[in-house]
Amino acid sequence: MHTIVAVALNTFRESVREKILAIALLFGVILMGSSVFLSPLAVGAKQKIVMDVALAAISIIGVLVAVLLGGTLVHKEVDRKAIYLVLTRPVGRPAYLVGKLAGVVAAVVLVFAVMTGVMVAAIALGAGGLRPAVFASVYLSLLETTVLCSIVMLFSTFTTPVLTTFFTLCLFAAGSLSGDLKVFASKFGGAGMKIVTELFYYLLPNLKVFNLRHEAVHGLPFRAADVLLATLYAAVYSAVMIYFACLIFKRREFR
Amino acid sequence: MGRRLSRHRRVRRRGAVLIHMRGFAMYVLRVVGVKKYFRSDMSLARREVLHGLSLHAQAGEVLGFLGPNGAGKTTTIKVILGLIRADSGSVTLFDRPVGDERSMARVGYLPETPYFYPHLSLGEFLGFCGALSGMGGAQLRERIDAVVETVDLSAHRDKRLKTFSKGMLQRAGLAQAILHDPDLLILDEPFSGLDPIGRKMVRDVLVDLKKRGKTIFLSSHILPDMESLCDRVCIIREGVIVKCIGLDDLRKLGEGRVEVTARRWRPDMLGGIRGYVESKRETGEEVFLVVREQRFVRPVIEHLYDNGAEVLEVANEHCSLEDLFIQEISRPGARTKEEKKEETHVFTGF
């Protein structure tokens with residue numbers, strides 16, 4: 001535990017001192033700010049526009065930070081041989097990976113906190129009310145980003161940052177549509193097709209469970225049980241990803 | 001067990017040689033018959049880089065590890081530290097298999113080309129390294145103060161590592177290696193990038209560690225430093241240990257022989273003293289004659305004077321580490337590139 005905290009703290013420190021984090025944060029804040037100025041154009045739906053853009057911005061920036069930051073951290077350490085200093089101390093390789101993931105997630109939490117603060121300020125500026133669904137939506141976006149961080153960590157144990165980014169973005173796109181895949185197969189596919197799509201449905205991350213933006217923007221009710229289930233799903237999926245990452249990383253040689 | 005551990009700590013504090021402790025491993029480091037193959041990225045053929053390598057380091061010993069570039073020194077070190085796996089053979093640190101966290105806690109390592117975290121200050125970096133070694137709180141702060149002073153970087157403690165010169169990074173590397181007061185230090189080219197003052201500082205640190213009974217595994221090309229620091233050296237050539245010798249034994253190799261340096265030498269002078277002289281080396285007007293035994297020195301000198309030569313110096317001859325290194329590395333038997341190529345094996349096992 002001691003070593004996991006040390007690696008996580010170092011990763012967090014490294015992340016917040018990276019230019020890419022500041023740039024992503026600035027981009028997100030500008031995106032949200034623009035929605036405040038553009039919202040008067042949508043007559044009667046001013047608050048909805050601000051909320052919709054802000055929640056989308058938080059989700060997009062979260063994904064970008066997870067992919068761009070997480071994808072380079074492990075590779076950079078291996079490539080520059082800084083990892084020698086860590087792995088030649090009493091630090092297990094799984095502890096190193098878990099620490100790395102925790103550090104990246106901590107940086108993502110910081111980004112989410114700043115952006116949520118800006119969103120709350122933007123909504124308050126427009127004299128709008130904040131519903132619990134808005135915060136639930138931000139929380140689920142954070143879980144989605146955590147799952148993506150664990151996927152990034154898996155790929156970064158055996159491939160380059162460019163391929164890690166590519167594979168993770170592919171999985172993000174596929175995961176966002178995995179629910180539709182099942183519906184499509186049940187309506188149009190044969191038995192074989194159904195088995196294949198079912199397999200993909202369970203293997204790919206089902207990112208739809210983390211999307212509560214529609215309910216948050218339109219003030220629709222949501223079930224707390226769904227949020228709990230999504231939390232459990234994120235924990236299990238991330239644990240499985242990290243487990244496979246550890247299996248690969250344990251076998252890896254540092255020439 | 002508890003009693004043994006507390007005794008261990010007491011002995012460490014006194015800086016005594018740990019070999020005398022009951023139950024303590026005689027060999028701090030033991031490498032037996034290690035083979036390692038590397039496969040190039042795009043090919044199935046694999047090349048043997050370590051050919052059943054064996055060596056050991058005893059507690060309190062400074063073991064020098066010498067070899068030309070590409071001989072397998074860094075690969076051996078990486079196998080010892082578990083950064084790469086041996087394909088066969090065994091490696092133990094403190095009688096435990098490589099990678100065991102209890103033994104790794106007692107190892108300090110300085111890599112050949114240290115790359116540290118540029119975003120961290122020296123203090124933050126050492127704090128991170130200490131935390132990884134299980135240190136914390138006041139104990140860690142005290143140790144950081146002490147090692148920063150030891151490597152003469154106190155004034156740079158709060159500066160980011162990205163502003164450090166190569167020599168300063170090397171010293172920071174040494175600081176992290178000794179931070180947790182390890183029993184075994186593995187140092188890969190610790191003098192690299194250092195100016196003469198930095199080299200002296202590192203040498204002094206190593207001498208102090210040696211006095212405190214630490215085991216040091218030292219890989220370097222700076223032979224005079226190796227000769228002054230090491231108790232024993234192992235020479236590796238093409239993945240094989242070709243020679244392991246104690247420095248005392250090395251000095252004895254040339255014992256009894258005397259080198260006579262003379263001027264105005266003529267080749268015909270050798271006739272009368274051929275039986276006394278072991279070897280002869282000429283540079284311009286000067287000649288260096290290695291006399292076999294002490295008792296032959298006087299007749300050789302008299303012969304040189306009688307024939308008009310001028311004796312400049314008479315000195316006891318001893319075999320230096322450089323002599324031994326060159327002798328072992330240039331010994332016939334080195335494989336050619338073509339032979340090495342033939343030795344690559346086609347990888348078939350999955």
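Please refer to the structure placed before this passage.
These lines cover the structure that appears in this document, whether it is placed above or below. (Residues numbered from 1 in each chain as written. Chains lettered and ligands numbered in written order. Predicted model: local features only at pLDDT ≥ 70, side-chain atom pairs only at ≥ 80, totals over all residues.)

## Examining the pairing of strand β11 (residues 258-263) of chain B
All names here are of chain B. Note the following rule: Partly exposed residues are those whose C-beta has more than 12 but fewer than 20 other C-beta atoms within 10 Å; with 20 or more the residue is buried, with 12 or fewer it is exposed, and the C-beta atoms are placed from the backbone. Put simply, DSSP marks the helices as runs of H or I at least four residues long and the strands as runs of E at least two long, and each gets a number from the N terminus on. Pairs of strands are assigned from DSSP output, requiring at least two bridges between the strands.
In β11, alternate side chains face the same way, and those of Val-258, Val-260 and Ala-262 are buried while those of Glu-259, Thr-261 and Arg-263 on the opposite face are not. The pairing of β11 with strand β13 (residues 286-291) spans five bridges and is classified as antiparallel. When the sheet's bridge partners are listed, Thr-261 is paired in β13 with Phe-288. Taken together, the six bridges between β11 and strand β14 (residues 310-316) define a ladder with antiparallel strand orientation. Its bridge partner being in β14, Glu-259 is matched across the sheet by Ala-315.

## Details of unusual backbone geometry
Of note, the phi angle at Lys-81 of chain A is positive, near 70°, even though the residue is not glycine. Position of Lys-81 of chain A relative to the elements: it lies in the loop between α3 (46-79) and α4 (83-87). One non-glycine residue, Glu-189 of chain B, lies in positive phi territory at about 55°. Assignment of secondary structure puts Glu-189 of chain B in the loop between β7 (184-188) and α7 (196-211).

## A closer look at the packing of helix α2 (residues 19-38) of chain A against helix α5 (residues 93-125) of chain A
Residues and elements named next belong to chain A. Rules: Angular values range over 0 to 180 degrees, each being the angle between N-to-C directions of two axes fitted as lines to C-alpha atoms, with helices fitted over their stretch in contact. Should an angle fall under 35 degrees it is called roughly parallel, over 145 degrees roughly antiparallel, and 65 to 115 degrees roughly perpendicular, with every other angle called oblique. Two helices that cross are described as forming a left-handed crossing if the nearer one is turned anticlockwise from the farther one by less than a right angle, and a right-handed crossing if clockwise. By the convention adopted here, residues make contact when the C-beta atoms placed from their backbones lie within 7 Å. For this classification, the nonpolar set comprises Ala, Val, Leu, Ile, Met, Phe, Trp, Tyr, Cys and Pro, the charged set comprises Asp, Glu, Lys and Arg, and every other residue, Gly included, is treated as polar.
Taken N-terminus to C-terminus, the directions of α2 and α5 make an angle of 20°; their axes are 10 Å apart at the nearest point. Here α2 is positioned roughly parallel relative to α5, judged by the angle of their axes. The way α2 lies across α5 gives a crossing that is right-handed. When α2 is examined against α5, the residues Leu-21, Ala-24, Leu-25, Gly-28, Val-29, Met-32 and Val-36 are found in contact with a partner set consisting of Ala-107, Val-111, Val-114, Met-115, Val-118, Met-119, Ala-122 and Leu-125. Residues of the contact of α2 with α5, tallied by class, amount to 14 nonpolar, one polar and no charged.

## Examining the sheet that holds strand β8 (residues 215-219) of chain B
Residue and element names in this part refer to chain B. Taken in spatial order, the six strands line up as β6-β7-β8-β3-β9-β10 in an open sheet, and their pairing is mixed. Bordering the open sheet on either side are β6 (107-110) and β10 (240-246), each of which pairs with just one other strand. Neighbouring strand axes in the sheet, compared pairwise and without regard to direction, differ in orientation by 15° on average. Two strands pair when backbone bridges link them, and β6 and β7 are joined in this way by four bridges, in the parallel orientation. Among the inter-strand pairings, Val-107 is bridged to a residue of β7, identified as Leu-184. Most of the contacts of helix α6 (residues 166-178) go to β6, to which it runs at about 170°, and overall it touches β6 and β7. With respect to the sheet, helix α11 (residues 321-329) is in contact with β3 (62-66), β9 (232-237) and β10, its orientation differing from that of β9 by roughly 25°.

## Some points on the environment of Pro-224 of chain B
Looking at the element boundaries, Pro-224 of chain B is found in helix α8 (residues 223-229). Between the C-alpha atom of Pro-224 of chain B and that of Glu-322 of chain B, which follows or precedes it by 98 residues, the distance is 8.0 Å.

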